[in-house]
Amino acid sequence: MIPLLTALPSPRDIRFRVPLAVAMPLAVVAGWIMDMGFPDRDWWPLALVGAGLMILSVRGVTFPQALVVGALGGFSFYGIHIWWLTVYLGLVPWIALVLAQVFFFSLGLGLISLIWRYSSAQWTSLAGRLVLVPALVAGAWMTREAISSMYPWGGFAWARMAQSQSESPLAPLVAWVGTSGFSFLLIWCVAGVIAAAT
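This text gives an overview of the structure that appears in the document. Note that the structure is a prediction, hence the values are computed from the model and not measured.

Calculation criteria
- For every chain, the first residue of its written sequence is number 1, and the numbers climb from 1 along that sequence.
- Note on the predicted model: pLDDT of at least 70 is required for a residue's local features to be given, and 80 or more for side-chain atom pairs to be given and counted; whole-chain, interface and lining totals, by contrast, use all residues.
- The basis for every side-chain value is the complete set of non-hydrogen atoms in the structure, without hydrogens or water.
- Strands here mean DSSP runs of E at least two residues long; helices mean DSSP runs of H or I at least four residues long; both are numbered from the N terminus.
- With C-alpha atoms as the basis for the radius of gyration, the globule rule is written as 2.2 Å multiplied by the number of residues raised to the power 0.38.
- Throughout this description, buried means an accessible area under 20% of the type-specific maximum (1.4 Å probe, protein chains only), exposed means over 50%, and partly exposed covers the range between.
- The contact criterion used throughout is that any non-hydrogen atoms of two residues lie within 4.5 Å.
- Here the accessible surface of atoms and residues is derived via Shrake-Rupley with a 1.4 Å probe, and residues count as covered only by protein chains that are part of the display.
- Grouping buried Ala, Val, Leu, Ile, Met, Phe, Trp, Tyr and Cys residues that are joined through side-chain atoms within 4.5 Å yields what is termed a nonpolar core.
- Residues enter patches when their relative accessible area tops 30% and they take part in no salt bridge; the joining distance is 9 Å for like charges and 5 Å for the nonpolar side chains Val, Leu, Ile, Met, Phe, Trp and Tyr.
- Throughout this description, the term salt bridge denotes a Lys or Arg side-chain nitrogen within 4 Å of a carboxyl oxygen of Asp or Glu.
- To get an axis, fit a line to the C-alpha atoms, keeping to the stretch in contact for a helix; angles then go from 0 to 180 degrees between the N-to-C directions.
- In this scheme, roughly parallel covers angles under 35 degrees and roughly antiparallel covers those over 145, while 65 to 115 is roughly perpendicular and the rest are oblique.
- Should the near helix be turned anticlockwise from the far one by less than a right angle, the crossing is termed left-handed; should it be turned clockwise, right-handed.
- Amino acids outside the nonpolar list (Ala, Val, Leu, Ile, Met, Phe, Trp, Tyr, Cys, Pro) and the charged list (Asp, Glu, Lys, Arg) are all regarded as polar, and Gly is one of them.
- How far a helix is expected to stretch is found by multiplying one less than its residue total by 1.5 Å.
- Fitting axes to the seven residues ending at a residue and to the seven starting there, one defines the bend at that residue as the angle between these axes.

**So, the overall build of the chain**
Here comes step 1: Within the chain, the secondary structure is distributed over 8 helices and 0 strands.
Here comes step 2: In terms of overall size, the chain behaves like a compact globule, its C-alpha atoms giving a radius of gyration of 17 Å where 198 residues would be expected to give roughly 16 Å.
Here comes step 3: For the chain, the C-alpha atoms occupy an extent of roughly 55 × 35 × 30 Å along the three principal directions.
Here comes step 4: For the chain, with 198 residues in total, the buried portion stands at 48%.
Here comes step 5: Look at the contacts in the chain between residues 6 or more apart in sequence, and 69% of them connect residues 24 or more apart.
Here comes step 6: With an accessible surface of roughly 9600 Å², the chain has 74% of that area assigned to carbon and sulfur atoms.

**Quick look at the nonpolar core**
Here comes step 1: Within the largest apolar cluster, 47 residues are counted, with the highest numbers of intra-cluster contacts made by Met 34, Ile 55, Ile 112, Trp 116, Trp 141 and Met 161.
Here comes step 2: At the level of secondary structure, the elements contributing two or more residues to this core comprise helix H2 (20-36), helix H3 (45-57), helix H4 (63-81), helix H6 (91-122), helix H7 (126-148) and helix H8 (174-197).
Here comes step 3: Tallying contributions element by element places H6 first for this core, with 9 residues.

**Regarding a nonpolar patch on the surface**
Here comes step 1: Taken together, the side chains of Trp 123, Val 131, Leu 132, Leu 136, Leu 170, Leu 173, Trp 176, Val 177, Leu 185 and Trp 188 present a nonpolar region at the surface, about 890 Å² in accessible area.
Here comes step 2: Looking at the nonpolar patch, the elements with two or more residues in it are H7 and H8.
Here comes step 3: Looking at the nonpolar patch, the element that brings in the most residues is H8, giving 4 residues.
Here comes step 4: Within the secondary structure layout, Leu 185 lies in helix H8.

**Some remarks on the packing of H4 against H6**
Here comes step 1: Put simply, H4 and H6 touch, their axes get as near as 7 Å, and they point 140° apart. Judged on the interaxial angle alone, H6 and H4 are oblique. Like other packed secondary-structure pairs, H4 and H6 cross with a definite hand, here right-handed. Contact residues: H4 offers Phe 63, Ala 66, Leu 67, Gly 70, Ala 71, Gly 73, Gly 74, Phe 75, Tyr 78 and Gly 79, while H6 offers Trp 94, Val 98, Gln 101, Val 102, Phe 105, Ser 106, Leu 107, Leu 109, Gly 110, Leu 111, Ser 113 and Leu 114.
Here comes step 2: Residue composition of the contact of H4 with H6, by class: 14 nonpolar, 8 polar and no charged.

**A short note on the pattern of salt bridges**
Here comes step 1: Using the criterion set out here, one finds 2 salt bridges in the structure.
Here comes step 2: Residues Arg 41 and Asp 35 are paired through a salt bridge, measuring 3.3 Å at the closest nitrogen-oxygen approach.
Here comes step 3: For Arg 41, a relative accessible area of 38% puts it in the partly exposed group.
Here comes step 4: Classification of Asp 35 by relative accessible area gives buried; the value is 1%.
Here comes step 5: We note a salt bridge from Glu 145 to Arg 160, for which the minimum N-O separation is 3.8 Å. Here Glu 145, found in helix H7, pairs with Arg 160, found in the loop between H7 and H8; they are 15 residues apart in sequence, far enough to count as distant.
Here comes step 6: Under the relative-accessibility criterion, Arg 160 is labelled buried at 12%.

**What to know about H8**
Here comes step 1: For H8, built from 24 residues, the straight-helix expectation of 34 Å at 1.5 Å per residue is missed by more than 12%, its first-to-last C-alpha distance being only 27 Å.
Here comes step 2: Maximum bend of H8: about 85°, positioned at Ser 180.
Here comes step 3: All buried positions along H8 are accounted for by Gly 181, Phe 182, Ser 183, Phe 184, Leu 186, Ile 187, Val 190, Ala 191, Gly 192, Ile 194 and Ala 195.

Here it is as structure tokens:
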């Protein structure tokens, strides 16, 4: 075996990991909770709780497992979040858009699982665990949002984390950092809380 590959950390090396049997239903529930934080119900703290549960659900799972967990969580979130689309366009466009968003969501959570796995092993100091790794997680989340806002069919920017905070006392921050920056800061804080708690 190649020496470099044997030195890579396994998901078991993470201090706290979620078993796959728990991660899958956790992601489904997280998608539902995250949807309740967006402007139809507007219970904005729940968007952060749901995102935190979603990010936690891929902590300690392998990349292929994270793709499955991400697909379940993404379908749960987008399936509920854009159900209103069926009223105007029908079921087929809804299915196409949900599946397109699930693809990006799944890849994003796969990337986050790799960050938890490899970055946590590289930066074991307090600053690394509580600042750098959460910043990378937030960067992956923000990148996924940005890409799905452009592709496919001109993108679908309807469900960015920053948009869930329209009634939040933090909403004025978006004027200073923009939508992507605000999403980054929100997820950075959420991932930081997860890193501190685990």
